[in-house]
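Architecture at a glance
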Amino acid sequence: MKFNNRNVVLGANVRLGKNVRIGDNTTIYDNVEIGDNTIIANDSVIGEPQHAYYFQGGYSNPATVIGANSFVRSHAIIYAGSTFGDNLNTGHRVTIREGAEFGTNCLISTLADIQGNATFGDYCRLYSNVHICEFSKLGNHVFIYPYTIFTNDSRPPSNHYMGPTVGDYTIIAVHSVVLPGVTIGSNCLIGANSVVSRDIPDFSFAVGSPAKVTRDIREIGSREKEGAQYPWMYNFERGMPWQGIGFDAWSQQQH
Amino acid sequence: MKFNNRNVVLGANVRLGKNVRIGDNTTIYDNVEIGDNTIIANDSVIGEPQHAYYFQGGYSNPATVIGANSFVRSHAIIYAGSTFGDNLNTGHRVTIREGAEFGTNCLISTLADIQGNATFGDYCRLYSNVHICEFSKLGNHVFIYPYTIFTNDSRPPSNHYMGPTVGDYTIIAVHSVVLPGVTIGSNCLIGANSVVSRDIPDFSFAVGSPAKVTRDIREIGSREKEGAQYPWMYNFERGMPWQGIGFDAWSQQQH
Amino acid sequence: MKFNNRNVVLGANVRLGKNVRIGDNTTIYDNVEIGDNTIIANDSVIGEPQHAYYFQGGYSNPATVIGANSFVRSHAIIYAGSTFGDNLNTGHRVTIREGAEFGTNCLISTLADIQGNATFGDYCRLYSNVHICEFSKLGNHVFIYPYTIFTNDSRPPSNHYMGPTVGDYTIIAVHSVVLPGVTIGSNCLIGANSVVSRDIPDFSFAVGSPAKVTRDIREIGSREKEGAQYPWMYNFERGMPWQGIGFDAWSQQQH
Ligand SMILES: CC(C)(COP(=O)(O)OP(=O)(O)OC[C@H]1O[C@@H](n2cnc3c(N)ncnc32)[C@H](O)[C@@H]1OP(=O)(O)O)[C@@H](O)C(=O)NCCC(=O)NCCS
Ligand SMILES: CC(C)(COP(=O)(O)OP(=O)(O)OC[C@H]1O[C@@H](n2cnc3c(N)ncnc32)[C@H](O)[C@@H]1OP(=O)(O)O)[C@@H](O)C(=O)NCCC(=O)NCCS
Ligand SMILES: CC(C)(COP(=O)(O)OP(=O)(O)OC[C@H]1O[C@@H](n2cnc3c(N)ncnc32)[C@H](O)[C@@H]1OP(=O)(O)O)[C@@H](O)C(=O)NCCC(=O)NCCS
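Residues numbered from 1 in each chain as written. Chains lettered and ligands numbered in written order. Predicted model: local features only at pLDDT ≥ 70, side-chain atom pairs only at ≥ 80, totals over all residues. Heavy atoms only, no water.

Per an unreviewed UniProt entry, the recorded name for chain A is Transferase hexapeptide (Six repeat-containing protein), and the organism is Hymenobacter psychrotolerans DSM 18569. UniProt's Sequence similarities (unreviewed entry) comment on chain A is quoted here verbatim: "Belongs to the transferase hexapeptide repeat family." (UniProt positions renumbered as here; feature names shortened; annotations may be inferred.)

Some thoughts on the overall build of chain A
Within chain A, the secondary structure is distributed over two helices and 30 strands. Relative to a compact globule of 255 residues, whose C-alpha radius of gyration would be 18 Å, chain A shows 19 Å and is just as compact. Principal axes of the C-alpha set define a box for chain A whose edges measure 55 × 50 × 35 Å. Residues classed as buried in chain A amount to 61% of the 255 residues present. Element-wise, carbon and sulfur atoms account for 46% of the exposed surface of chain A, whose accessible area totals about 8,900 Å². Between the mean site of the 18 positive side-chain charges and the mean site of the 22 negative ones, chain A shows a separation of 5 Å. (Helix = DSSP H or I, 4+ residues; strand = E, 2+ residues; numbered from the N terminus. Rg over C-alpha atoms; globule rule 2.2 N^0.38 Å. Buried < 20%, exposed > 50% of the residue type's maximum accessible area, 1.4 Å probe, protein only. Areas by Shrake-Rupley, 256 points an atom, 1.4 Å probe, with all protein chains shown as cover. Lys, Arg positive; Asp, Glu negative; His and termini not counted. Charge placed at Lys NZ, Arg CZ, Asp CG, Glu CD.)

Some words on the pairing of strand 7 (residues 45-48) of chain B
Residue and element names in this part refer to chain B. Note that strand 4 (residues 27-28) and strand 7 share two bridges and pair parallel. Among the inter-strand pairings, isoleucine 28 is bridged to a residue of strand 7, identified as isoleucine 46. The sheet contact formed by strand 7 and strand 10 (residues 77-79) spans three bridges and is parallel. Of the residues in strand 10, the one forming a bridge with valine 45 is isoleucine 77. (Pairing = 2+ DSSP bridges.)

Comments concerning the site of ligand 2
The environment of ligand 2 is made up of 22 residues, and the closest members are B:Ala192, C:Asp153, C:Ser197, C:Arg198 and C:Lys212. At the site occupied by ligand 2, nearby residues are drawn from chains B and C. Contact between ligand 2 and C:Ser197: an oxygen atom at 2.5 Å from a side-chain N or O atom of the residue. Across the complex, the protein chains shield 77% of the 910 Å² of accessible surface that ligand 2 would expose by itself. (Near = heavy atom within 4 Å. Polar contact = N/O pair within 3.5 Å; in protein donor to acceptor, adjacent residues only side chain to side chain.)

Comments concerning the relation of the copies chain C and chain A
Superposing chain C onto chain A takes a rotation of 120° plus a shift of 0.0 Å along the axis, which leaves an RMSD of 0.0 Å. The two molecules are tied by a three-fold rotation axis, judged by turn and shift. (Least-squares fit on C-alpha atoms with pLDDT ≥ 70 in both.)

Notes on the side chain of A:Asp113
By secondary structure assignment, the location of A:Asp113 is in strand 16 (residues 113-114). Despite its burial, A:Asp113 pairs with no opposite charge, the nearest such side chain being A:Arg97 at 7.4 Å. Side-chain polar atoms of A:Asp113 contact the side chain of C:Ser128, separated by 2.8 Å. (Salt bridge = Lys/Arg side-chain N within 4 Å of Asp/Glu carboxyl O.)

A word on the site of ligand 1
Contacts to ligand 1 come from 22 residues, most closely from A:Ala192, B:Asp153, B:Ser197, B:Arg198 and B:Lys212. At the site occupied by ligand 1, nearby residues are drawn from chains A and B. Residue A:Val174 places a main-chain N or O atom 3.1 Å away from an oxygen atom belonging to ligand 1. In the complex, the protein chains occlude 77% of the 890 Å² of accessible area that ligand 1 would expose alone. Residue composition of the shell around ligand 1, by class: ten nonpolar, six polar and six charged. (Nonpolar A, V, L, I, M, F, W, Y, C, P; charged D, E, K, R; others polar.)

Some thoughts on the interface of chain A and chain B
Taken together, the contact pairs 39 residues of chain A with 48 residues of chain B. Across the chain A to chain B interface the summed buried area is about 3,600 Å²; carbon plus sulfur atoms make up 55%. On the chain A side of the interface with chain B, the three residues burying the most area are A:Met1, A:Arg93 and A:Arg223, jointly 21% of the side's total. Our enumeration of links across chain A and chain B arrives at one salt bridge. For B:Glu48, the salt bridge is made with A:Lys2, and the minimal N-O distance between the two is 2.7 Å. For the pair chain A and chain B, the interface holds 25 residue pairs in polar contact (both at pLDDT 80 or more). Considered class by class, the residues forming the side of chain A that touches chain B number 17 nonpolar, 14 polar and eight charged. (Contact = heavy atoms within 4.5 Å. Buried area = accessible area lost by both parts, 1.4 Å probe.)

A closer look at the sheet that holds strand 14 (residues 100-102) of chain B
All names here are of chain B. Taken in spatial order, the nine strands make up an open sheet running 2-5-8-11-14-17-20-23-26, and their pairing is parallel. Taken across any chain shown, the strands that pair with only one partner, and hence form the sheet edges, are strand 2 (15-16) and strand 26 (183-184). Relative to strand 17 (residues 118-120), strand 14 runs parallel, the two being bridged by three bridges. Following the sheet pairing, phenylalanine 102 is matched in strand 17 by phenylalanine 120.

What to know about the environment of B:His75
Along the chain, the position of B:His75 falls in the loop between strand 9 (71-72) and strand 10. Ignoring anything within four residues of it in the chain, the contact list for B:His75 reads A:Arg93, B:Asn42, B:Asp43, B:Ser44, B:Arg93, B:Val94, C:Asp43, C:Val45 and C:Ile77. One polar contact links B:His75 to B:Ser74, side chain to side chain, over a distance of 2.7 Å.

If you want it as structure tokens, here you go:
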């Protein structure tokens, strides 16, 4: 149904791997490289030209790389100059500006708005309508739930930008705000509708506006079984690299 | 202006009622049924194939039903396997996943993100950018104002999902969060920017983060006249089935 | 790359200034006027017909005016009956309903949702996903940061709408709510995740839910230098009319 080569436009130097499928009404601009078996669904724009294209002569579109076995759902806008590791998975209508660097196996859900010039580790999950500002740095296995916002200008409007930093395995619940320059450690949980205005140490549960650390996350019980829910890697494996073998066995393989 | 049959694509077994109008650049996939006099505006995708379509052989698109006299504004993405009663009205760029069941006369505004596998009664109004998670259950005449989020995973990430439940005639103001498994009764009002973390009894006004019941809603005065604003059905009838006859007369007809 | 005149449709009485560029897959409906050197990027809809078009005979599309030297990024939906001064700049996927009146040099970022029937002064900046309700009145140089919502119905649902009013040079941080009928003075700063439920006097810093005035904004220090950050016009000039000459010199020219 989806792949009829109708109104598909490819620019110059577009390199498609084996078995790549491009949906109808999709445009891929110059200098885009797409890995094997990747699907770019319909009505998408990949390698969207940057601002200079419109206003400066001699513009050349920077390279865009989308890894193998990826699935970009319809109506994506991905700017030239961003890179994505293998197994990228997106929802619909994502907007991703230039200079975003994603590791492998990342999820970027429907309506997510990634401002570019930011780095993301492997296995990050950015859910619906997440807004990530420039100069953000996310570790591996960071999950950001819907409508959470990262900010970088603490005295707006100013010329002084400080992106937030988030450590590995940290989870931020829906509708939260991370204020400029804040560092959230690894293995943290931020409760829904929080404003994170101060640095948060590893293994903290913080909640509120401003967010206060109220517990060690290892004290939060599971809803599915006796015992602790966090670190969540012992209770959740779907789509994670430790699926089938367990987190400890996988961790040891990493060393 | 809108209906020129330009770049319109219809799949197999698409059944269009009388006087249905389809906008330019719209695609309707297999097994979609659209009732009489319905308008599907331009640049929409109706019957969007589910995940299995891309990765499994022998995929057959589940049935999608949109009732009569509906108006789906432009740039909608509606998945195969969702059903909508008559008189559906949407804003632009709605995204509705599979397994959503809507009653009649519902409104789903611009940028609303309905995750599917959820049920909605009649006359629900989901305003701009509302995000409804899977396993949510909304009654009749439930109004959800912009940027409110329903959640279903209380210890994210986990494998244990509990959708919120909302009773008839309940109103949730902007920018609120309903936490997993929460039941909000009927005839409630939730104030702007609240986090609803506990069940809320019928006829309550609750506000804050976490939301606390501060009053009976029947104590909240109207801004338009002497007396109480709630239950709102005595003060608001535009588009409601009691328009012209009053809520009590209509209620009696129901029995 | 962008301007190939592919699937571009122009209605009746579309007046394009000199050097206007229209992106592929864009439709411009009747009675739209676009100033010199303006770019309307791809996949946009300009002069979107109002509701009456679909249901009433004899519909005539109201005039839409976009000023000179403007840049409307892709996937915009701009309704008939809105006007924009020169140097408009938009992000992607903006939705702007009828009856919006924008001054010159305004920015409307990605996914902003402007409900129409609202007025905006010059040099306003509405960042990503801002939601502005009907009957809002914004002064000049008002900056509204992502996911902030303006509301107009204080006892929803009712028939009594009161839009918020915001004075010149006021800044509203991310994820805030402005409740119906509230007047925020000029030169204010509203902190992230606030609910503004009462009028706010000029030069106030207010924060919280409900927002309380905690300081005079002139007491808030800069992160870039010794001294105060606000009024911000002494510390920020990029894109502002006082760029290169300073705020005082520019102010004097205005008188
Ligand atoms: C962090 C979280 C798990 C804490 O919930 P919890 O452990 O069930 O909290 P408790 O039941 O121990 O509640 C302790 C108190 O904090 C309150 N509370 C819980 N979460 C809160 C929040 N996010 N904001 C404000 N108050 C909150 C509770 O109401 C309770 O107060 P009370 O006794 O006065 O009613 C929950 O807030 C949360 O954010 N869940 C994740 C939701 C989400 O985004 N899921 C992913 C998308 S589906
Ligand atoms: C629920 C609601 C109607 C309550 O407003 P209200 O009855 O006018 O409240 P009151 O005037 O009695 O205010 C009582 C106190 O609560 C505060 N307050 C009101 N709403 C609040 C909110 N949502 N969050 C935090 N505080 C709130 C008021 O500031 C006041 O405190 P104060 O005296 O210290 O200033 C209002 O909060 C609301 O949510 N309105 C709906 C907005 C909306 O989403 N409309 C639909 C979209 S247009
Ligand atoms: C208004 C603002 C600048 C105030 O920050 P600030 O001056 O750094 O505040 P302070 O450092 O003096 O903090 C005072 C207290 O208020 C808290 N606080 C700061 N901002 C808060 C907010 N928005 N909500 C709740 N609490 C807040 C701080 O945590 C601190 O409390 P603590 O000492 O108990 O931790 C900040 O809240 C803000 O909104 N920044 C703008 C973010 C933004 O939207 N930028 C534009 C988009 S990039």
